[in-house]
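Coordinate inspection notes
Listed below, chain by chain, are the residues.
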Amino acid sequence: MDPAPPSRRSWAEPFKIKVVEPVRLVSPELRLTAIREAGYNTFLLRSQDVYIDLLTDSGTSAMSDRQWAGMMLGDEAYAGSRNFYHLEETVRSVYGYQHLIPTHQGRGAEHIISRVLIKPGNIIPGNMYFTTTRLHQELAGGSFIDVIIPEAHDPASEHPFKGNVDLGKLEAVIGEYGASRIPYVSIAATVNMAGGQPISLENLRAVRELTRGHGIRVILDATRVAENAYFIQQREPGQQGRTIAEIVRETCSLTDGCTMSAKKDALVNIGGFLAVNDWDIFEEARNIVVIYEGLHTYGGMAGRDMEAVAIGLEESVDDEHIRARVGQVLYLGEKLRAWGIPIVLPIGGHGIFLDAKAFLPHLDQSVYPAQALAAAIYLDSGVRTMERGIVSAGRDKDTGLEYRPKLELVRVTIPRRVYTQAHMDVVAESILAVYQERSNVRGLRMVYEPRYLRFFQARFEPLG
Ligand SMILES: *Cc1c(COP(=O)(O)O)cnc(C)c1O
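Predicted model only: the values in this text are computed from it and were never measured. (Residues numbered from 1 in each chain as written. Predicted model: local features only at pLDDT ≥ 70, side-chain atom pairs only at ≥ 80, totals over all residues. Heavy atoms only, no water.)

Time to look at the pairing of strand S9 (residues 351-355). Of all five residues making up S9, five are buried, and the element is well covered by its neighbours. Both faces of S9 are covered, namely the face carrying Gly-351, Phe-353 and Asp-355 and the face carrying Ile-352 and Leu-354. With five bridges connecting them, S9 and strand S12 (residues 409-413) associate as antiparallel partners. Residue pairing in the sheet places Asp-355 in a bridge with Leu-409 of S12. (Buried < 20%, exposed > 50% of the residue type's maximum accessible area, 1.4 Å probe, protein only. Helix = DSSP H or I, 4+ residues; strand = E, 2+ residues; numbered from the N terminus. Pairing = 2+ DSSP bridges.)

This is how it looks when you write it as structure tokens:
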């Protein structure tokens with residue numbers, strides 16, 4: 001008898017593997033030693049002690065053969081490298097911004113735009129903070145105000161666009177502080193800290209309308225704008241017939257410039273840029289970049305890196321690529337969801353976010369449940385994830401008190417084009433195993449706290 005036909009046909013990645021890098025699972029004893037030596041902080045593990053590395057999707061993607069070929073075309077001239085002009089041309093055609101300032105990575109661009117636009121006492125509203133973005137805004141003398149819709153703070157809400165701006169809240173912030181104190185609205189696509197959640201075109205158009213009326217700029221964090229476009233294509237009424245490239249272009253057209261970590265969407269291991277339309281901002285930024293990053297035609301990147309970014313940017317807006325990329329994240333998320341494991345819904349674009357408060361209800365936020373859960377997963381299987389909760393949120397710069405974010409998450413981040421479906425199965429089964437033994441996971445005490453972005457280097461010990 002013929003087998004029954006499947007109810008839906010499978011799809012597969014639009015690539016095959018040409019080079020492999022061995023990975024290895026170390027013994028449970030070695031994992032225990034490793035996590036102790038790392039102060040229960042997965043950022044402090046050595047990668048050789050990690051089996052499947054889902055710490056971040058930043059700079060961890062696999063480059064294509066075209067990108068590697070592009071690396072050989074690096075023009076390492078100090079000034080005026082032809083790779084700079086290729087990148088500039090690509091940013092103009094893929095994103096639509098006129099002027100490019102390359103930087104070593106995303107935070108370099110955040111630093112520069114913050115210095116150019118923010119004056120002490122300024123207010124920067126945005127759709128949820130990002131760690132480095134907010135810190136650079138604060139270091140320039142500004143204060144960030146969150147104007148994301150309330151659903152973004154609720155892991156269980158299945159709102160299709162949890163990255164949307166609450167327009168009423170934004171209007172109230174403008175009313176309270178006055179447009180002259182607001183240099184720009186900071187818009188992320190997708191919103192990393194909310195779980196890789198998208199903002200809709202409809203909402204972004206409304207933000208553009210509202211800010212235009214007040215003469216306020218909109219600066220896009222374009223780090224995952226292609227993934228954001230995929231969700232728009234899948235979920236937003238009227239967008240189904242459009243390509244990712246068209247949606248990305250329109251998204252950027254509703255803003256005045258962007259900061260970009262090319263280490264995410266753009267499929268490179270290092271790189272970033274600032275891109276703007278306004279000549280005056282460009283002129284100032286192009287001057288400042290010389291102090292902190294490098295000459296304005298390389299900004300901290302080698303010529304070959306700029307070439308890889310230019311090629312990666314084009315690959316990032318390919319419909320088949322993005323469907324497979326986000327599709328792999330959905331595959332892992334659907335599996336966990338079917339087993340009843342608490343995750344942020346809807347499933348985001350670059351990773352699965354475990355809801356540590358629901359996963360470990362016996363742990364108060366003060367004992368760092370998400371940090372403890374990331375360590376427990378590593379101990380179980382050598383899979384490396386990271387905390388996105390109270391440790392990442394840090395302290396209020398005025399009161400010195402710890403922020404207590406509503407979201408206490410573990411991010412299981414998927415690098416692009418790196419792992420297979422079998423790796424995803426191993427990850428899912430490890431998380432299930434920890435979930436089944438969750439009452440044994442103990443809280444942590446912080447024993448070392450660095451001053452800035454503490455989550456990267458803080459150290460912990462298990463409680464009692
Ligand atoms: C990674 C990231 C940044 C910072 O970029 P780096 O390249 O790591 O400096 C900024 N915003 C978002 C949303 C990011 O994910």
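Next up on the list: the site of the ligand. Inspection of the region around the ligand gives 13 residues, with Gly-106, Arg-107, Asp-221, Ser-261 and Lys-264 positioned closest. Contact between the ligand and Asn-192: an oxygen atom at 3.0 Å from a side-chain N or O atom of the residue. Contact distances for the ligand include 2.6 Å between a nitrogen atom and a side-chain N or O atom of Asp-221. Protein coverage of the free-state accessible area of the ligand, which is 370 Å², stands at 96%. Top element by residues in the shell around the ligand is helix H4 (residues 106-117). It accounts for three residues. Split by residue class, the shell around the ligand holds one nonpolar, six polar and six charged. (Near = heavy atom within 4 Å. Polar contact = N/O pair within 3.5 Å; in protein donor to acceptor, adjacent residues only side chain to side chain. Areas by Shrake-Rupley, 256 points an atom, 1.4 Å probe, with all protein chains shown as cover. Nonpolar A, V, L, I, M, F, W, Y, C, P; charged D, E, K, R; others polar.)

Looking at the chain, the domain boundaries give domain 1 (28-57 + 319-462) and domain 2 (65-316). Taking only C-alpha atoms into account, the centre of domain 1 sits 26 Å from that of domain 2. On the domain 2 side, the residues contacting the 33 residues of domain 1 number 44 residues. It is Ile-322, Pro-346 and Leu-407 that lose the most area in domain 1 upon contact with domain 2, and together they represent 19% of the buried surface on that side. Where domain 1 meets domain 2, there are five salt bridges. (Domains from an automatic or database assignment. Contact = heavy atoms within 4.5 Å. Buried area = accessible area lost by both parts, 1.4 Å probe. Salt bridge = Lys/Arg side-chain N within 4 Å of Asp/Glu carboxyl O.)

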